[in-house]
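Notes for the structure review
The chain contents come next:
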Amino acid sequence: MTVTKTTRRHIAIDVEGRCLAMADIEEAASTARVSLHVESGHLPIGTCTRLVDAVLDTPEVQQARHIIAFIPRDRAEILEEVQRRCDSVTARTAGASVVVDAAVRQYTRP
């Protein structure tokens, strides 16, 4: 039997004490699974971009080679940001969500 170590992280984007967006990250082996949730209605500009940046900059995602993300179907800004920051991005709808498969772009930190 093979034992796989799983790491979990929760990220929240709060503005004035109100949670506008959040993500749950689960990393196992070389894949990070991410579920992104965004409050319905109007959000301050850049909220979704901040969420994606926070997720992609976590050690769990940076150590992974591949990401599977579940994003709300009505948040194109999230998909656009993932496409900008990752390689080999594919997306498909699944009910009220979009399932995104992507290769994590490895950055060399100065």
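These figures come from a predicted structure and were not determined experimentally. Per chain, the residues get numbers from 1 upward, laid out in the order the sequence is written. Residue-level local features of this predicted model are given only where pLDDT is at least 70; pairs of side-chain atoms are given and counted only at 80 or more, and the full residue set underlies all totals for whole chains, interfaces and linings. Excluding hydrogens and water, the side-chain figures rest on all heavy atoms present in the structure.

1. Concerning the pairing of strand S3 (residues 31–38)
By the alternation rule, side chains of S3 split into Ala-32, Val-34, Leu-36 and Val-38, which are all buried, and Thr-31, Arg-33, Ser-35 and His-37, of which none is buried. Strand pairing follows a simple DSSP-based rule, namely that at least 2 bridges must link the two strands. The helix count covers DSSP runs of H or I at least four residues long, the strand count covers runs of E at least two residues long, and both are numbered beginning at the N terminus. Of the pairings in the sheet, the one linking strand S2 (residues 18–28) to S3 comprises eight bridges and is antiparallel in character. Within S3, the residue paired with Ala-28 across the bridge is Thr-31. As consecutive antiparallel partners, S2 and S3 are separated by two residues, and within that stretch Ala-29 has a phi angle of approximately 55°, a positive value. Burial classification: accessible surface area is computed with a 1.4 Å probe over protein chains only, and a residue below 20% of its type maximum counts as buried, one above 50% as exposed, and the rest as partly exposed.

2. Considering the pairing of strand S5 (residues 86–94)
Two strands pair when backbone bridges link them, and S5 and strand S6 (residues 97–104) are joined in this way by seven bridges, in the antiparallel orientation. In the strand pairing of S6, Ala-94 is matched with Ser-97. Between S5 and S6, which follow one another and run antiparallel, lie two residues, and Gly-95 among them has a positive phi close to 70°.

3. Concerning unusual backbone geometry
The phi torsion of most residues other than glycine is negative, and most of the peptide bonds are trans. Non-glycine residue Glu-16 carries a positive phi angle of around 50°. When you line up the elements, Glu-16 lands in the loop between strand S1 (6–15) and S2. The phi angle at Ser-88 is positive, at roughly 50°, despite the residue not being glycine. Note on placement: Ser-88 falls in strand S5. Classification of Ser-88 by relative accessible area gives exposed; the value is 62%.

4. Topic: the environment of Thr-49
Mapped onto the elements, Thr-49 comes out in helix H1 (residues 47–56). Judged by relative accessible area, Thr-49 falls into the partly exposed class, the value being 22%. Separated by 33 residues in the primary sequence, Thr-49 and Val-82 place their C-alpha atoms 8.9 Å from one another. The definition of a polar contact used here is a pair of N or O atoms within 3.5 Å, where within protein one atom must be able to donate a hydrogen and the other to accept one, and adjacent residues in sequence count solely through side-chain atom pairs. Here the side chain of Thr-49 touches Glu-77 through a polar contact of 2.8 Å, side chain to side chain.

5. Digging into the nonpolar core
Working definition of a nonpolar core: buried Ala, Val, Leu, Ile, Met, Phe, Trp, Tyr and Cys residues. They are joined through side-chain atoms within 4.5 Å. Ranked by internal contacts, the top residues of the largest apolar core, which has 28 residues, are Val-34, Leu-36, Leu-51, Val-55 and Val-61. Every element with two or more residues in this core is listed here: S1, S2, S3, H1, strand S4 (66–72), helix H3 (76–85) and S6. No other element matches H1, which puts five residues into this core. Setting aside anything within four residues of it in sequence, one finds Val-55 in contact with Ile-11, Ala-23, Ile-25, Val-34, Leu-36 and Val-61. By the convention used here, residues are in contact when the closest approach between their heavy atoms is within 4.5 Å.

6. Points about the side chain of Asp-101
The topology assignment puts Asp-101 in strand S6. Within the structure, the side chain of Asp-101 is placed 3.0 Å from the side chain of Arg-92, a separation counted as a polar contact. Setting aside anything within four residues of it in sequence, one finds Asp-101 in contact with His-66, Ile-67, Ile-68, Ser-88, Val-89, Thr-90 and Arg-92.

7. As for the environment of Ala-54
Turning to its location among the elements, Ala-54 is positioned in helix H1. Between the alpha carbons of Ala-54 and Ala-23 there is a distance of 9.2 Å; along the sequence they are 31 residues apart.

In short, shape yes, function no, at least from these values alone.
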